[in-house]
Amino acid sequence: MGGLNKAMLIGNLGKDPEVKVLDNGAKIATFPLATSETYKDREGNKQTRTEWHNIVLWRGLADVAELYCRKGGQIYIEGRLSTRKWDDKDGHTRYTTEIIGDQMVLLSRADVQGNTTNPSGSSPEPSSDLPY
């Protein structure tokens, strides 16, 4: 039996996408995505935990991200986990894990000035009250 490598995230962009065109003409967009969960601790105080994910989009999705994704905007990303390894300038081995997106849904939209709103017009910040 084969394996499964699937990631599904709903979160907010930490900054505008950084878009590059490679020598072969392929376009790539990268940006950090924040996913947050809110819960109550043992004392009943509300706590928020945020995870940051490195998102990589290629070709057509990179075009969409460049045009419509802005810092703070909320999106749904579906893709796979990928870990890269490289040596830094000091010779130390470094690793990074990224989500290589193959599907994206914009949950907030950018207006002409690049500001983002979700379809209901309220703030795109993620929130939920989980019982734990």
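Residues numbered from 1 in each chain as written. Predicted model: local features only at pLDDT ≥ 70, side-chain atom pairs only at ≥ 80, totals over all residues. Heavy atoms only, no water.

Chemist: Can you walk me through the pairing of strand S1 (residues 7-13) in this structure?
Modeler: Note on strand geometry: in a regular strand, side chains alternate between the two faces of the sheet. For S1, the buried fraction is high: five of the seven residues fall into the buried class. Bridge count for S1 against strand S5 (residues 74-87) is six bridges, and the pairing is antiparallel. In the strand pairing of S5, Ile10 is matched with Tyr76. Across two bridges, the pairing between S1 and strand S3 (residues 27-40) is antiparallel. Bridged to Leu13 within S3 is Leu33. (Buried < 20%, exposed > 50% of the residue type's maximum accessible area, 1.4 Å probe, protein only. Helix = DSSP H or I, 4+ residues; strand = E, 2+ residues; numbered from the N terminus. Pairing = 2+ DSSP bridges.)

Chemist: Please clarify how the pattern of salt bridges should be interpreted in this entry.
Modeler: Between side chains of opposite charge, a pair can form as their charged atoms come close. Evaluation of the coordinates by the stated rule reveals seven salt bridges. Put simply, Asp63 and Lys27 hold a salt bridge, and the shortest N to O gap is 3.0 Å. In this pair, Asp63 sits in helix H1 (residues 59-68) while Lys27 sits in strand S3, placing the two residues 36 residues apart along the sequence. When its relative accessible area of 34% is taken as the criterion, Asp63 is described as partly exposed. In this structure, Arg94 and Asp88 form a salt bridge, with 3.0 Å as the shortest nitrogen-oxygen distance. By relative accessible area, which is 19% here, Asp88 ends up buried. By sharing partners, the salt bridges in this structure join Lys27, Asp63 and Glu66 into a single network. (Salt bridge = Lys/Arg side-chain N within 4 Å of Asp/Glu carboxyl O.)

Chemist: What's the story with the environment of Gly60 in this structure? I'm lost.
Modeler: Within the secondary structure layout, Gly60 lies in helix H1. For Gly60, a relative accessible area of 41% corresponds to the partly exposed category.

Chemist: I keep staring at the side chain of Ser108 and nothing clicks. Help me out?
Modeler: Mapping Ser108 onto the fold places it in the loop between strand S6 (93-106) and strand S7 (109-110). Relative accessible area serves as the criterion here: at 6%, Ser108 is assigned to the buried category. Separated by 2.8 Å, the side chain of Ser108 and the backbone nitrogen of Gln74 make a polar contact. (Polar contact = N/O pair within 3.5 Å; in protein donor to acceptor, adjacent residues only side chain to side chain.)

Chemist: Where do I start with a nonpolar patch on the surface in this structure?
Modeler: The grouping of Leu67, Tyr68 and Leu106 at the surface amounts to a nonpolar patch, some 290 Å² of accessible area in total. Mapped onto the elements, Tyr68 comes out in helix H1. (Patch = residues over 30% accessible without salt bridge, like charges linked within 9 Å, V, L, I, M, F, W, Y side chains within 5 Å. Areas by Shrake-Rupley, 256 points an atom, 1.4 Å probe, with all protein chains shown as cover.)

Chemist: Could you clarify how one ought to interpret the nonpolar core in this entry?
Modeler: Nonpolar side chains in soluble globular proteins tend to end up buried together. Formed by 16 residues in total, the largest nonpolar core has its most connected members in Phe31, Ile55, Leu57, Ile75 and Met104. Those elements giving two or more residues to this core turn out to be S1, S3, strand S4 (46-58), H1, S5 and S6. Those residues in contact with Met104, other than ones at most four positions away along the chain, are Leu57, Leu61, Val64, Ala65, Cys69, Ile75, Tyr76 and Ile77. (Core = buried A, V, L, I, M, F, W, Y, C linked by side-chain atoms within 4.5 Å. Contact = heavy atoms within 4.5 Å.)

Chemist: Mind showing me how you'd approach the environment of Ala62 here?
Modeler: Inspection of the secondary structure assignment puts Ala62 in helix H1. C-alpha of Ala62 to C-alpha of Ile28: the two residues are 34 residues apart in sequence and 5.5 Å apart in space. Not counting chain neighbours up to four residues away, the residues in contact with Ala62 comprise Lys27, Ile28, Ala29 and Leu57.

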